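Examining the three-dimensional arrangement
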Amino acid sequence: MCNAVKTLLRNVKNGYLFGRYRLWPDVHGSLVSAAGNDEKQRPIRVTVIEGQGTGPVMFAAVRKIFKAARVPVEWDYQTLSMYRDHKTNQMTVNPKVLSSAIETGLVLCAKDSATGQNDWAGSSSLALNKALNAFVGVRKFNSVVGHEPYGPVNLINIRDNVSGEYSEIEHLVSPGVVQSIKTVSRKGSVDVAKLAFDYASKHGHYRITVLHKANVMRLSDGMFMKACREVSTCYPDVEYNEEKLDSFCLNVTTNPGRYDVLLTTSLYGSLAGSVCGTMSGGLVTVPTVAYGPKASVFSTMSDYGYSNDGGAVKKMVCGREKIINPTGIIRAAAWMLDHAGMVVAGRCIAAAVENTLRHGIRTQDMGGDASWLQFTEAVIKNLKDLMPNGCEECGRSSWQPEIFKQLSNKSQNVSDPPKTHE
């Protein structure tokens, strides 16, 4: 089967994924100065979707931290709205947001990002991912010493973002009977599996577990598992396992250390992610990214912390802010900087967040008493200890992306095929 993925592997090693597209558009490759070059860094441009609810407050925390770190950034603020495409009969997003995202290549957005959204209007994140073809999602579940409600958790979920149950194909069969179609393609399954195994091998992960319900959905889940098995033969150093979704949800609560990287389809990733996110400290602490050929979308699993009784706090009461926790969006912003080439700044911000939590400065949903502003100021204090010269240090690091270390140094247009690819 290795022959079946040789072309894909060659594209990945040259910084391209699936033919002519880069996994990360090389629009930021020239932003970071080479080692020893005193040329001032050009700012990165980021499409920002603050959304509603707590989004604007959490982005205020990100801006404060970026300012303290002297990160050269230009924010392009956009308002995301959704409408139904009459050709596809599916929800999509306004063209202005798409043009901005494609131009910048980077999107930082709140979870509740669409204005006027309700539970029946459809998922704004799904609509944005589909519009940008950001079909691969990665979520990091990392607990921090000092806040480990279920013990140490260190898991990664790589999933298909837009297919499977998220295909949004439904119709009325007869009065009182509806049918929802789950679509799984071999090509899409191989693409997602290839990225997952390459991510694991490049980041020192030793085990991949595919979650499934092939005992019920034999054809669809069976096709996904077959593609994963075939790709796994090219990575003998990565242990490959398969497990039923319901068994996983039971076993992970008692022994999360037995898992490393979870490879899933769309809905299974959402279900497993809810369990893992709660165990790692809360959904609001989990950073996420959706990768596509046109842009990468960074966000968090939730915009809200949780009260002691388990209820999500989503409103202001008597003018007071209730459990606004910017941990996840700060982590996502740090991940975005690392992705864009500002490795020093990104990793220092991430480390500052962990140090803050480790020292017991946490919001109420994490067992502390700090407000979002007090938490942000503590992160800034720890950040200044880690990088006293601010982002001036970032210009001393050459750009090397997290997953693929062998990207071409030459800046190429994402619409052009790589010169090395036939």
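Everything quoted here is computed from the prediction, not taken from an experiment. (Residues numbered from 1 in each chain as written. Predicted model: local features only at pLDDT ≥ 70, side-chain atom pairs only at ≥ 80, totals over all residues. Heavy atoms only, no water.)

To continue, consider empty space enclosed by the protein. Taken as a whole and judged by the stated rule, the model has three cavities of 30 Å³ or more. Of the voids in this model, the largest cavity is the one considered here, and its volume is about 50 Å³. Contributing to the lining of the largest cavity are Asn142, Ser143, Val144, His147, Ser280, Gly281, Thr285, Thr327, Arg331, Leu357 and Met366. (1 Å grid on protein atoms, 1.4 Å probe; cavity = no way out; pocket = protein on both sides within 12 Å on 5 of 7 lines; lining within 4 Å. Points joined across faces, edges and corners; volume = space filled by probe spheres on them.)

Here we come to the sheet that holds strand E10 (residues 207–212). Across the sheet, ten strands lie side by side as E2-E1-E5-E14-E13-E6-E7-E12-E10-E11; this open sheet has mixed pairing. With partners counted over all chains shown, the strands left at the sheet margins are strand E2 (73–77) and strand E11 (239–244), one partner each. Each strand of the sheet is rotated relative to its neighbour by a mean of 25 degrees, with strand direction disregarded. Packed onto the sheet, helix H5 (residues 186–202) meets strand E6 (136–142), strand E7 (154–160), E10, E11 and strand E12 (261–264) and runs at close to 155 degrees relative to E7. (Pairing = 2+ DSSP bridges. Helix = DSSP H or I, 4+ residues; strand = E, 2+ residues; numbered from the N terminus. Axes fitted to C-alpha atoms, helices over the stretch in contact; angles between N-to-C directions. Contact = heavy atoms within 4.5 Å.)

What follows is about the pattern of salt bridges. Counted under the stated rule, the structure contains 16 salt bridges. The partner of Asp198 in a salt bridge is Lys202, with the nearest N and O atoms 3.4 Å apart. In this pair, Asp198 and Lys202 are both assigned in helix H5, four residues apart and thus about one turn of the helix distant. The buried category is assigned to Asp198, whose relative accessible area is 3%. (Salt bridge = Lys/Arg side-chain N within 4 Å of Asp/Glu carboxyl O. Buried < 20%, exposed > 50% of the residue type's maximum accessible area, 1.4 Å probe, protein only.)

On to the packing of aromatic side chains, then. Working definition: an aromatic ring pair is given by the centre-to-centre distance plus the angle between the planes. Applying the stated criterion across every chain, the model contains five aromatic pairs. One aromatic cluster is present, built from ring pairs that chain together Phe197, Tyr235 and Tyr240. (Phe/Tyr/Trp six-rings, centres within 6.5 Å; stacked < 30°, edge-to-face > 60°.)

Phe66, Leu108, Ile158, Leu263 and Ile330 are the most contacted members of the largest nonpolar core, which has 74 residues in total. In terms of residue count, helix H9 (residues 327–340) provides more of this core than any other element does, nine residues in total. If sequence neighbours within four positions are ignored, Leu263 has contacts with Ile158, Val192, Ala193, Ala196, Phe197, Ile208, Thr209, Val210, Leu211, Phe224 and Cys228. Counting residues in each nonpolar core, the second largest holds 16 residues, with Leu211, Leu245, Ala272 and Met301 among its members. (Core = buried A, V, L, I, M, F, W, Y, C linked by side-chain atoms within 4.5 Å.)

Moving on, we come to the pairing of E7. For E7, the tally of buried residues reaches six of seven residues, placing the bulk of the element in the interior. Of the pairings in the sheet, the one linking E6 to E7 comprises seven bridges and is antiparallel in character. Opposite Gly137, over in E7, you have Arg159 as the bridge partner. Bridge count for E7 against E12 is four bridges, and the pairing is parallel. Looking across to E12, one finds that Ile156 is bridged to Val261.

The axes of two packed helices give the description: the angle between them and the distance between them. Between helix H10 (residues 343–358) and helix H11 (residues 372–386), whose axes approach to 8 Å, the crossing angle comes to 120 degrees. Viewed along their axes, H10 and H11 adopt a mutual orientation that is oblique. In terms of crossing hand, the pair formed by H10 and H11 is right-handed. On H11, the residues that touch Cys348, Ile349, Ala351, Ala352, Val353, Asn355, Thr356 and Leu357 of H10 are Phe375, Ala378, Val379, Asn382, Leu383 and Leu386. (Parallel < 35°, antiparallel > 145°, perpendicular 65-115°, else oblique. Left-handed = near helix turned anticlockwise from the far one by under 90°.)

Looking now at the confidence of the model for the chain. Summing up the model confidence of the chain, the mean pLDDT is 79 and the portion of residues at 70 or higher is 75%. In the predicted structure, residues 11–39 sits below a pLDDT of 50 and forms 99 contacts with residues beyond four places in sequence or in another chain. Contacts for the low-pLDDT stretch residues 307–321, under 50 throughout, to residues beyond four places or in other chains number 15 contacts. (pLDDT = per-residue confidence, 0-100.)

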